[in-house]
Structure formats: C-alpha cells, structure tokens
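The residues making up each chain are set out below.
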Amino acid sequence: MTQKDKMLLMVLRDQKLQEKYQFSAGDYEDLQDALNSDNAIVSAIAKIIIELNGSEDSGEQKRVYKTIFAHLNNKLLS
C-alpha cells in the first residue's frame, strides 16, 4: 500500500463524510478503486490526492481545483 493509498483511506474513513455522501470506506482498497468509483465525491478525493502529489505550489493547486471542479460538474450534472 502506497502513501497515497493510505492518505485516501484516512480521508474516506471519516464517518461524517461517509454518511453525508453515502459510501463505505471498506469498498475502496486503493486509489484506482476510488478513481473508478461511481460516487463523484470518492473519485474527486482520489483525483485530488493524485493530482496534488504533495505540491504546495499555488499554480498547481489552482490547476487541480479547476480539474476537480470540472470532474464534479461532469459527474453530478450530467
């Protein structure tokens, strides 16, 4: 299990997040599972972890924000 997989699972194990967005953290073993999820929130969390890759660069963060915004619009509004 990679550090990114561990980070994903830490986020997905949040009980409030699971209740609000109706998913079970146990359904996801790694980033690939989360990326392929039908749950837009789960796949967005995975995308954020992958795309940011620990970067603190504001330009990179803005790029990731736009990517996630488009992803959620496509998943939730289509």
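Residues numbered from 1 in each chain as written. Predicted model: local features only at pLDDT ≥ 70, side-chain atom pairs only at ≥ 80, totals over all residues. Heavy atoms only, no water.

1. Considering unusual backbone geometry
What counts, and what does not: When accessible area is computed with a 1.4 Å probe and restricted to protein chains, residues below 20% of their type maximum are described as buried, those above 50% as exposed, and intermediate ones as partly exposed.
At Gln22, a residue that is not glycine, the phi angle is positive and equals roughly 50 degrees. When its relative accessible area of 71% is taken as the criterion, Gln22 is described as exposed. Phi at Asn53 is positive, roughly 50 degrees, even though this residue is not glycine.

2. Some points on helix α4 (residues 40-52)
Rules: Strands here mean DSSP runs of E at least two residues long; helices mean DSSP runs of H or I at least four residues long; both are numbered from the N terminus. The span you would expect from a helix comes to 1.5 Å times its residue count less one. Contacts are assigned to residue pairs that have any heavy atoms within 4.5 Å of one another. Whenever a nitrogen or oxygen atom comes within 3.5 Å of another N or O atom, the pair is scored as a polar contact, on the condition that within protein one atom can donate a hydrogen and the other can accept it, and that pairs from neighbouring residues in sequence are kept only if both atoms are in side chains.
Taking 1.5 Å per residue, 13 residues should reach 18 Å; α4 reaches 18 Å between its end C-alpha atoms and fits that length. Buried residues of α4: Ala40, Ile41, Val42, Ser43, Ala44, Ile45, Ala46 and Ile49, and no others. Here the buried face of α4 lies against α1 (3-12), α2 (15-21), α3 (31-35) and α5 (58-77). With a side-chain oxygen lying 2.9 Å from the backbone nitrogen of Ile41, the N-terminal cap of α4 falls on Asn39. Where α4 ends, the next residue or the one after it, Asn53, has phi of about 50 degrees, a positive value.

3. Details of the pattern of salt bridges
Quick note on the threshold: The working definition used for a salt bridge is a side-chain nitrogen of Lys or Arg within 4 Å of a carboxyl oxygen of Asp or Glu.
A complete count under the given rule lists two salt bridges for this structure. In this structure, the salt-bridge partner of Arg63 is Glu60, at a minimum N-O distance of 2.6 Å. Placement of the pair is Arg63 and Glu60 together in helix α5, with a separation of three residues, close to one helical turn. Its relative accessible area of 35% is what places Arg63 among the partly exposed residues. By relative accessible area, which is 25% here, Glu60 ends up partly exposed.

4. Focus: the packing of α1 against α4
As a reminder, the rule being used: The axes are straight lines fitted to the C-alpha atoms, using for helices just the contacting stretch, and the angles between their N-to-C directions are given from 0 to 180°. The sense of a crossing depends on the near helix, which, turned anticlockwise from the far helix by less than a right angle, makes the crossing left-handed and, turned clockwise, makes it right-handed.
Between α1 and α4, whose axes approach to 10 Å, the crossing angle comes to 140 degrees. Two packed elements cross with a definite hand, and for α1 against α4 that hand is right-handed. Counting all contacts with α1, which are made through Lys4, Met7, Leu8, Val11 and Leu12, the residues of α4 involved are Val42, Ile45, Ala46, Ile49 and Ile50.

5. As for the environment of Lys66
Of note, Lys66 is situated in helix α5. Taking the relative accessible area as the measure of exposure, Lys66 reaches 51% and is therefore exposed. Between the alpha carbons of Lys66 and Ile45 there is a distance of 14 Å; along the sequence they are 21 residues apart.

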